[in-house]
Amino acid sequence: MKSYVIDLECTYPGCDEKYCIDEINKLCIKCGRVLYARYDIEAVKKNMSKDDLIKRDPNMWRYFEMMPVKDPKNVICLGEGFTPIFKAENLGKVEGYSDLHIKDEGLNPTGSFKARGLSAALSKAKELGIKKVTMPSAGNAAGAMAAYAAAGNLEAHVFMPNDAPIMNQKESTLAGASLNLIDGLINDAGRLSNEFADKENLFDVSTLKEPYRQEGKKTMGYEIAEQFGWELPDSIVYPTGGGTGIVGMWKAFDEMESLGWIGSKRPKMFTVQATGCAPIVKAFEENTQHAELWENASTKAAGMRVPVAVGDYLILEALRESGGGVAAIEDEDMIENMKLIASTQGILPAPEGAATYVGLNKLVSERKIDKEEKILLMNTGSVFKYFELM
Ligand SMILES: *Cc1c(COP(=O)(O)O)cnc(C)c1O
Ligand SMILES: [Zn+2]
């Protein structure tokens, strides 16, 4: 298999800077915004068809032509991706949803979809000759980074708020990462990780500040299309923190349309956040291009406790272009509905996953989603990471 990646391109409107794919890059040097990997679509069209996928391994690297790593030897794979989509019949009956589905990302290595992003980012880091990595994390990303660093023989350092879930702390140190607990939030951890990277010459793998985590997360978009027979659902509800997943899926849909794998129909994309940390919800409602820093961010869903997102403009663009929207929900409702999902479906969701169901009910009551639509909830993690909440 061959990757058809060409270069990196700035995503910011009006800035069309391009960067070499074989050099280490982070954000756009000119404008400080997010870079996206671009592919030679025409060559992929000529050399592969989506039917070729049938014979491939059930992990996210099955889309290798559209992945940023050139040499398959650099791929660090623990079996991430190609997680099942379940039709949630029992849960659907509770409120009368006729076509409700859950993609269970809790079945990924290290129990969350962060595995996708870190598999892609550390594989590319390895390809670029990077030996040491660091990252700030509100939780699951750290555990994933530690595992992929171990498998890929990289040295890993993690900066985490000292109230991050215990399991995320343990899994990081278990996999051999050096853990730095800090008295502050994820953005403070980000600053410290960044300073450490500069001082010790490490590569900082913060969400969207390096260009490859979103390439891993975009594979959710490819899978949703493939698993639904190349027909996207009507609505996707996503628990949004840094937003890598939502912008990744949106990128995947565009790529697949140019490849001729899907048509122009897009799902309505919805962001769910907790009322204690809802910067994207606020920006969407105020119709701004960027989100302001959310002061005193607080929610039990560590993955959604992200007070500021580098890719805010990309998230907001996806929500708006898709005709989707936002919902802010209460932590209590989220925790209560973990039980409903687990006891009806047997899927033991992360609080973030339960948040999508609570958000869905709210969006339906506001008539943003119909109960008859084909709806996909993203359960982004497993409850096993959150035993403090049980
Ligand atoms: C990180 C995380 C999120 C948020 O994901 P983004 O793509 O950064 O918005 C949601 N749920 C869980 C379980 C997470 O770990
Ligand atoms: Zn730029």
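Visitor: Describe in detail the site of ligand 1, supporting the description with residues and values.
Guide: Around ligand 1, the surrounding shell holds 16 residues, and the nearest of these are Lys114, Tyr238, Gly241, Gly243 and Thr380. Between ligand 1 and glycine 242, the relevant distance is 3.1 Å, taken from an oxygen atom to a main-chain nitrogen or oxygen of the residue. Relative to its free-state accessible area of 380 Å², ligand 1 is covered by the protein chains to the extent of 97%. Residue assignment for the shell around ligand 1 shows that the elements contributing at least two residues are β10 (235-239) and α9 (244-259). A breakdown of the residues in the shell around ligand 1 according to their chemical character gives four nonpolar, nine polar and three charged.

Visitor: Any details on a nonpolar patch on the surface? Residues and values, ideally.
Guide: Nonpolar side chains collect at one region of the surface, where Ile166, Phe387 and Met390 lie side by side and expose about 330 Å² of accessible area between them. For phenylalanine 387, the position within the fold is in the segment after β13 (375-379).

Visitor: Outline the coordination of the zinc ion (ligand 2), supporting the account with residue identities and numerical values.
Guide: Ligation of the zinc ion (ligand 2) by protein atoms is provided by Cys10 (SG), Cys15 (SG), Cys28 (SG) and Cys31 (SG), these donors lying 2.3 Å from the ion. Considering all four donor atoms around the zinc ion (ligand 2), the spread of angles at the metal, 97 to 118°, places the coordination shape in the tetrahedral class. Donor residues for the zinc ion (ligand 2) sit on one chain with the sequence pattern C-x4-C-x12-C-x2-C. Of the two residues, cysteine 15 is situated in the loop between β1 (5-10) and β2 (18-20) and cysteine 31 in the loop between β2 and β3 (35-39); the sequence distance between them amounts to 16 residues. Of the residues examined, cysteine 31 reaches a relative accessible area of 28% and is grouped as partly exposed.

Visitor: Quick one: what's the story with the nonpolar core, residue by residue and with numbers?
Guide: Among the nonpolar cores identified, the biggest contains 85 residues, and Leu122, Met145, Ile224, Met249, Phe253, Met256 and Trp261 are the most heavily contacted of them. No other element matches the eight residues that α9 contributes to this core. When near neighbours in sequence (up to four residues on either side) are disregarded, tryptophan 261 contacts Met48, Lys50, Leu53, Tyr63, Tyr222, Trp230 and Met256. Core analysis: the next-biggest nonpolar cluster, separate from the first, contains 28 residues, Met304, Met334, Val364 and Ile369 among them.

Visitor: Explain the pattern of salt bridges to me, using residue names and the numbers behind them.
Guide: A complete count under the given rule lists 28 salt bridges for this structure. As a salt-bridge pair, arginine 62 and glutamate 226 come within 2.6 Å of each other at their nearest N and O atoms. Here arginine 62 is found in the loop between α1 (41-47) and β4 (85-87), whereas its partner glutamate 226 is found in helix α8 (residues 219-227), with 164 residues between them in sequence. Judged by its relative accessible area of 5%, arginine 62 is buried. A network of salt bridges, in which partner residues are shared, links Lys103, Glu105, Arg116 and Glu223.

Visitor: Break down the packing of aromatic side chains for me, with residues and values.
Guide: Centre-to-centre distance and the angle between the planes together describe a pair of aromatic rings. One pass over the structure, following the stated rule, counts eight aromatic pairs. Seen in terms of ring centroids, tyrosine 222 and tryptophan 261 are 6.0 Å apart; in terms of plane orientation they differ by 85°. Their pairing is edge-to-face. With a gap of 39 residues between them, tyrosine 222 in helix α8 and tryptophan 261 in the loop between α9 and β11 (268-274) connect regions that are remote in the sequence. Overall, the relative accessible area of 0% leaves tyrosine 222 in the buried class. Pairwise contacts between aromatic rings join Tyr63, Tyr222, Trp230 and Trp261 into one cluster. The ring of tyrosine 212 has lysine 124 sitting right over it, with the charged end atom 5.9 Å from the ring centre.

Visitor: Any details on helix α12 (residues 331-345)? Residues and values, ideally.
Guide: Compared with the 21 Å implied by 1.5 Å per residue over 15 residues, the 21 Å span of α12 between its first and last C-alpha is a close match. Buried within α12 are the following residues: Asp331, Met334, Asn337, Met338, Ile341, Thr344 and Gln345. Phi turns positive, to about 75°, at glycine 346, one or two residues after α12.

Visitor: Give a detailed account of a negative patch on the surface, specifying residues and quantitative values.
Guide: On the surface, Glu330, Glu332, Asp333 and Glu336 cluster together to form a negatively charged patch. Within the secondary structure, aspartate 333 sits in helix α12.

Visitor: How would you explain the packing of α12 against helix α13 (residues 351-365) if you had to name every residue and give the values?
Guide: It is at 8 Å that the axes of α12 and α13 come closest, and there the two elements cross at 95°. Taken as axis vectors, α12 and α13 run roughly perpendicular relative to one another. Touching Asp333, Met334, Asn337, Met338, Leu340 and Ile341 of α12 are Pro351, Gly353, Ala354, Ala355, Tyr357 and Val358, all from α13.

Visitor: Quick rundown of the environment of proline 13? Include the residues and the values.
Guide: The residue proline 13 is located in the loop between β1 and β2 in this model. Put simply, proline 13 and arginine 33 are 20 residues apart on the chain and 9.9 Å apart in space, counted from C-alpha to C-alpha. The residues touching proline 13, leaving out its near neighbours within four places in the chain, are Gln289 and Tyr313.

Conventions used here
- Residues numbered from 1 in each chain as written.
- Chains lettered and ligands numbered in written order.
- Predicted model: local features only at pLDDT ≥ 70, side-chain atom pairs only at ≥ 80, totals over all residues.
- Heavy atoms only, no water.
- Near = heavy atom within 4 Å.
- Polar contact = N/O pair within 3.5 Å; in protein donor to acceptor, adjacent residues only side chain to side chain.
- Areas by Shrake-Rupley, 256 points an atom, 1.4 Å probe, with all protein chains shown as cover.
- Helix = DSSP H or I, 4+ residues; strand = E, 2+ residues; numbered from the N terminus.
- Nonpolar A, V, L, I, M, F, W, Y, C, P; charged D, E, K, R; others polar.
- Patch = residues over 30% accessible without salt bridge, like charges linked within 9 Å, V, L, I, M, F, W, Y side chains within 5 Å.
- Salt bridge = Lys/Arg side-chain N within 4 Å of Asp/Glu carboxyl O.
- Donors = N, O, S within 2.8 Å, 3.2 Å for Na, K, Ca; no water.
- Tetrahedral: all angles 85-135°; square planar, octahedral: opposite > 155°, others 65-115°.
- Buried < 20%, exposed > 50% of the residue type's maximum accessible area, 1.4 Å probe, protein only.
- Core = buried A, V, L, I, M, F, W, Y, C linked by side-chain atoms within 4.5 Å.
- Contact = heavy atoms within 4.5 Å.
- Phe/Tyr/Trp six-rings, centres within 6.5 Å; stacked < 30°, edge-to-face > 60°.
- Lys NZ or Arg CZ within 6 Å of the ring centre and 35° of its normal.
- Expected span 1.5 Å × (residues − 1).
- Lys, Arg positive; Asp, Glu negative; His and termini not counted.
- Charge placed at Lys NZ, Arg CZ, Asp CG, Glu CD.
- Axes fitted to C-alpha atoms, helices over the stretch in contact; angles between N-to-C directions.
- Parallel < 35°, antiparallel > 145°, perpendicular 65-115°, else oblique.

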